[in-house]
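Observations on the model geometry
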Amino acid sequence: FIRIKWLEYASFSVSGVDFSHIDYAIWSTLQGRLMEIPIIAKQPTYDNFFGNHFSPILFVWVAARWIFDHPFTSLVVHALALSSAVIPMHSLARKQAGAAIASILTLTYLFTGITASTLQFEMHQEAFYPVALMTFLYGLAQPNRYLAVLGFLLTMSIKEDAGIYIFGTGVVFFLVHRKRRWESLGFGLLGLAGAILTYKVFMRMHQPPNPPMEAYY
């Protein structure tokens, strides 16, 4: 995965729009200006990344860039985040269906088209969704409350709509997993409440008073 990101970077195939927005937000944070995007500071939509997408997971990139200050570092984090999902995925599948099925599932994940397209999606916080949600699922299914909470928090930190995925997962577990049904529903309702709070409060804190629709794409 890292090799593919290097080829993408070295061949000048990285998008100059999304990558530069996120990269500037990371760089500004390292300079003491939290998630500021100076290249669009004069536009009336938003001048802070959190006004467009509330993604505290970006602090993982901030830490990595603080250690290795190079644009390619951000692409490496993207690749590692996407590939790390095989750890909770294989562990959960092995306990539920055996080692053979677990290996098939993880290989399918690594080589499927959606994974390949996400890998080539420059540098985006969505790369953390597989590992975060799989950790959450592992915690609910085992059960392991600490891993469930970790997966929940990690998922909620990725993007403003993450709570919707948590809510859906919680409802499914409520219907099919009798032993953990109320705890699963509780996680789901917390996720939904978190999504609403993020849209109504946290993102508004980083937006101009009356942002146009472009601020919500």
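Residues numbered from 1 in each chain as written. Predicted model: local features only at pLDDT ≥ 70, side-chain atom pairs only at ≥ 80, totals over all residues. Heavy atoms only, no water.

**Some points on the nonpolar core**
If you look at the biggest cluster of nonpolar residues, it comprises 46 residues, and the most contacted ones within it are Met 35, Phe 49, Trp 61, Met 123 and Phe 128. Contributing elements (two or more residues each) for this core: helix H2 (18-30), helix H3 (49-52), helix H4 (58-67), helix H5 (71-83), helix H6 (86-97), helix H9 (129-141), helix H10 (145-156) and helix H11 (162-176). The greatest single-element share of this core, amounting to eight residues, is contributed by H9. Once residues within four sequence positions are removed from consideration, Phe 128 is found in contact with Ile 57, Val 60, Trp 61, Val 77, Ala 81 and Ile 158. (Core = buried A, V, L, I, M, F, W, Y, C linked by side-chain atoms within 4.5 Å. Buried < 20%, exposed > 50% of the residue type's maximum accessible area, 1.4 Å probe, protein only. Helix = DSSP H or I, 4+ residues; strand = E, 2+ residues; numbered from the N terminus. Contact = heavy atoms within 4.5 Å.)

**Observations regarding the packing of aromatic side chains**
Evaluation of the coordinates by the stated rule reveals 13 aromatic pairs. Ring geometry for Trp 6 against Tyr 9: centres 5.9 Å apart, planes inclined by 35°, an arrangement best described as tilted. Taken as a pair, Trp 6 and Tyr 9 lie in helix H1 (residues 2-10) at a separation of three residues, close to a single helical turn. Classification of Trp 6 by relative accessible area gives partly exposed; the value is 37%. (Phe/Tyr/Trp six-rings, centres within 6.5 Å; stacked < 30°, edge-to-face > 60°.)

**Some words on the packing of H6 against helix H7 (residues 99-111)**
Helix packing geometry: the angle between the two helix axes and the distance between the axes. H7 packs onto H6 with a crossing angle of 150° between their chain directions and a minimal axis gap of 7 Å. When the interaxial angle is binned, H6 and H7 end up roughly antiparallel. Note on packing geometry: the crossing formed by H6 with H7 is right-handed. Contacts from Val 86, Met 89, His 90, Ala 93, Arg 94 and Ala 97 in H6 reach Ala 99, Ile 101, Ala 102, Ser 103, Leu 105, Thr 106, Tyr 109 and Leu 110 in H7. In terms of residue class, the contact of H6 with H7 is made up of 10 nonpolar, three polar and one charged. (Axes fitted to C-alpha atoms, helices over the stretch in contact; angles between N-to-C directions. Parallel < 35°, antiparallel > 145°, perpendicular 65-115°, else oblique. Left-handed = near helix turned anticlockwise from the far one by under 90°. Nonpolar A, V, L, I, M, F, W, Y, C, P; charged D, E, K, R; others polar.)

**Topic: the side chain of Ser 28**
With respect to the helices and strands, the residue Ser 28 is situated in helix H2. Using a relative accessible area of 0% as the deciding quantity, one classes Ser 28 as buried. Ignoring anything within four residues of it in the chain, the contact list for Ser 28 reads Arg 33, Glu 36 and Pro 38.

**Looking at the confidence of the model for the chain**
Across the chain, pLDDT averages 88, with 92% of residues at or above 70. For the chain, the element scoring lowest by mean pLDDT is H3, at 86; H4 scores highest, at 96. (pLDDT = per-residue confidence, 0-100.)

**Let's talk about H6**
Helical periodicity: at 3.6 residues per turn, an α-helix aligns residues three or four positions apart in one direction. With 12 residues, H6 should cover 16 Å at 1.5 Å per step; its first-to-last C-alpha distance of 15 Å lies within 8% of that length. Residues of H6 that are buried: Pro 88, Met 89, Ser 91, Leu 92 and Ala 93. Looking at the packing, one finds that the buried side of H6 touches H7 and H9. Two residues or fewer past H6, Gly 98 is found with a positive phi of approximately 100°. (Expected span 1.5 Å × (residues − 1).)

**Let's talk about the pattern of salt bridges**
On inspection of all chains with the given rule, the structure shows six salt bridges. A salt bridge links Arg 65 to Asp 69, with the shortest nitrogen-to-oxygen separation between them at 3.5 Å. Given the relative accessible area of 5%, Arg 65 is considered buried. Residue classification places Asp 69 among the exposed positions, given a relative accessible area of 57%. Here Glu 183 and Arg 145 are joined by a salt bridge, their closest N and O atoms 3.3 Å apart. Of this pair, Glu 183 sits in helix H12 (residues 181-202) while Arg 145 sits in helix H10, placing them 38 residues apart in sequence. Salt bridges linked by common partners bring Asp 23, Arg 65 and Asp 69 together as one network. (Salt bridge = Lys/Arg side-chain N within 4 Å of Asp/Glu carboxyl O.)

**Quick word on unusual backbone geometry**
Across the junction of Gln 142 and Pro 143, the peptide omega takes the value -5°, indicating a cis bond. Relative to the helices and strands, Pro 143 is located in the loop between H9 and H10. Even without a glycine there, the phi angle at Phe 12 is positive, about 60°. Secondary-structure assignment places Phe 12 in the loop between H1 and H2.

**Side note on a nonpolar patch on the surface**
Among the surface-exposed residues, Leu 197, Val 201, Phe 202 and Met 205 lie close enough to one another that they form a single nonpolar patch of about 340 Å² accessible area. For Leu 197, the position within the fold is in helix H12. By relative accessible area, Leu 197 is classed as partly exposed at 40%. (Patch = residues over 30% accessible without salt bridge, like charges linked within 9 Å, V, L, I, M, F, W, Y side chains within 5 Å. Areas by Shrake-Rupley, 256 points an atom, 1.4 Å probe, with all protein chains shown as cover.)

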